[in-house]
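# An overview of the molecular structure
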Amino acid sequence: MPWTRIITAIVAIFLALGMLIVGGWYFTLGLCLIVFLGQLEYFQLVRAKGIAPAAKTTLVVSQLLLISSAIAPPLTDALFPLTGALICFYLLFQPKLASIADISTSVLGLFYGGYLPSYWVRLRVGFAHAIPTVDVASSNLPFMGYWPESWTEPKLFPPALTVTCLAFGCIWAADIGAYIMGKWLGKTRLSDISPKKTVEGAFFGLLGSIIVGEIGAWYLEWPYWYVTGMILGVLIGIVSLLGDLTESMMKRDAGVKDSGQLIPGHGGILDRTDSYVFTAPLVYYFVTLFLPLLQ
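Residues numbered from 1 in each chain as written. Predicted model: local features only at pLDDT ≥ 70, side-chain atom pairs only at ≥ 80, totals over all residues. Heavy atoms only, no water.

What follows covers the overall build of the protein. Summing up its helical and strand segments, the protein has 12 helices and two strands in all. Mapped from its N terminus to its C terminus, the protein presents α and β elements in the order α-α-α-α-α-α-α-α-β-β-α-α-α-α. Taken over the C-alpha trace, the protein has a radius of gyration of 19 Å; the compact-globule value for 295 residues is 19 Å, and the two agree within 12%. Each principal axis of the C-alpha atoms in the protein carries an extent, and together these give about 60 × 50 × 35 Å. Expressed as a percentage of its 295 residues, the buried residues of the protein come to 47%. The contacts of the protein with a sequence gap of at least 6 include a subset with a gap of at least 24, amounting to 71%. Within the structure as shown, the protein displays about 15,000 Å² of accessible surface, and the carbon and sulfur contribution to it stands at 72%. Across the protein, the 17 positively charged side chains and the 17 negatively charged ones have centroids separated by 10 Å. (Helix = DSSP H or I, 4+ residues; strand = E, 2+ residues; numbered from the N terminus. Rg over C-alpha atoms; globule rule 2.2 N^0.38 Å. Buried < 20%, exposed > 50% of the residue type's maximum accessible area, 1.4 Å probe, protein only. Contact = heavy atoms within 4.5 Å. Areas by Shrake-Rupley, 256 points an atom, 1.4 Å probe, with all protein chains shown as cover. Lys, Arg positive; Asp, Glu negative; His and termini not counted. Charge placed at Lys NZ, Arg CZ, Asp CG, Glu CD.)

When you line up the elements, S118 lands in helix α6 (residues 118-124). For S118, the residues in contact, after removing those within four places along its chain, are L65, L66, S69 and T76.

Within the protein, residue pLDDT values average 89, and 94% of them lie at 70 or more. Note that pLDDT drops below 50 for residues 132-137; the model gives that stretch nine contacts with residues more than four away or on any other chain. (pLDDT = per-residue confidence, 0-100.)

As a further point, take the nonpolar core. Ranked by size, the top nonpolar core spans 54 residues in total, and within it W120 and W222 carry the most contacts. With eight residues, helix α2 (residues 24-47) is the largest single contributor of residues to this core. (Core = buried A, V, L, I, M, F, W, Y, C linked by side-chain atoms within 4.5 Å.)

Let us look at the pattern of salt bridges. By the definition in use, this model includes six salt bridges. Put simply, K197 and D244 hold a salt bridge, and the shortest N to O gap is 3.2 Å. In this pair, K197 is assigned in strand β2 (residues 194-198) and D244 in helix α10 (residues 225-254), connecting sequence segments 47 residues apart. In this structure, K251 and D271 form a salt bridge, with 2.9 Å as the shortest nitrogen-oxygen distance. Here K251, found in helix α10, pairs with D271, found in helix α11 (residues 269-277); they are 20 residues apart in sequence, far enough to count as distant. For the pair shown, K251 and D271 are each scored as buried. (Salt bridge = Lys/Arg side-chain N within 4 Å of Asp/Glu carboxyl O.)

On to the environment of Q261. When you line up the elements, Q261 lands in the loop between α10 and α11. Here the alpha-carbon distance between Q261 and V163, two residues 98 residues apart in the chain, equals 31 Å. Among residues more than four places away in sequence, those in contact with Q261 are G267 and G268.

A complete count under the given rule lists 21 aromatic pairs for this structure. A ring pair is formed by Y42 and Y112, whose centres lie 6.5 Å apart and whose planes are at 35°; its orientation type is tilted. One end of the pair, Y42, is in helix α2; the other, Y112, is in helix α5 (residues 100-115), and 70 residues separate them in sequence. For the pair shown, Y42 and Y112 are each scored as buried. Here the aromatic rings of Y119 and Y284 are separated by 5.5 Å at their centres, their planes lie at 65°, and the arrangement is edge-to-face. Taken together, the positions of Y119 in helix α6 and Y284 in helix α12 (residues 279-294) put the pair 165 residues apart, joining distant regions of the chain. The burial state of Y119 is the same as that of Y284; both residues are buried. Pairwise contacts between aromatic rings join F80, F111, Y115, Y119, Y284 and Y285 into one cluster. Sitting over the face of the ring of Y119, R122 holds its NZ or CZ atom 4.0 Å from the ring centroid. (Phe/Tyr/Trp six-rings, centres within 6.5 Å; stacked < 30°, edge-to-face > 60°. Lys NZ or Arg CZ within 6 Å of the ring centre and 35° of its normal.)

This is the structure we're talking about:
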């Protein structure tokens with residue numbers, strides 16, 4: 001693995017952990033920037049196909065979805081169809097007649113690049129709104145930020161922090177397991193969409209996600225941790241892989257190798273965040289709907 005790729009990955013992990021730990025508006029605004037850059041790459045892929053999406057409008061309303069997720073998460077679900085309609089209305093009044101592709105890629109950009117990532121904000125920042133009875137540690141930094149007073153007792157961290165870190169840990173384990181073991185043992189191609197991905201790599205990526213999920217569920221004392229941890233690990237392992245393949249499919253259709261060149265050794269923002277897009281709502285509803293049923 002090139003040193004550039006390793007150093008960039010280490011820096012990215014530290015930045016991600018910093019956003020996760022502090023939370024509040026620091027996490028929200030950090031994610032807003034990531035989403036903005038990722039959507040710019042997405043619309044570059046779309047334009048490579050000769051399509052003219054409502055990029056500026058979609059970029060603005062996507063930021064609105066992320067901000068509303070921190071203030072009032074239920075409001076985001078109401079805003080999503082409204083902002084989608086706004087994008088369609090905008091395209092209706094363009095000098096050039098909009099095509100079905102213009103409309104569909106714009107709405108997909110809103111869904112894929114704005115609405116789905118908003119679930120990370122709901123999980124880390126708006127978690128208390130989803131479960132009012134949860135014991136959330138009070139903010140001890142400006143702008144709803146939080147900093148642990150003791151690093152030796154993670155169980156005292158806000159549940160929003162521990163659950164989000166567990167989700168990220170499962171994704172990292174899946175990515176690292178698939179990459180390393182795929183390079184070492186991979187022989188059977190998984191899909192023509194991404195020729196470098198192998199069945200062996202996918203298996204070990206899934207196994208890594210399950211192991212982290214089991215450890216996390218045991219440590220957090222979830223009900224039936226041996227079952228819930230495995231379910232979470234399997235779901236994240238599979239969905240993160242599907243997210244990766246989805247982005248690969250878009251790049252393949254656009255005829256490009258990477259979505260961008262913003263991250264040295266890794267390509268673009270979408271190349272590094274594709275595993276997180278579909279995972280966010282899955283984890284959110286797992287902890288807000290499924291786990292409470294077992295209690």
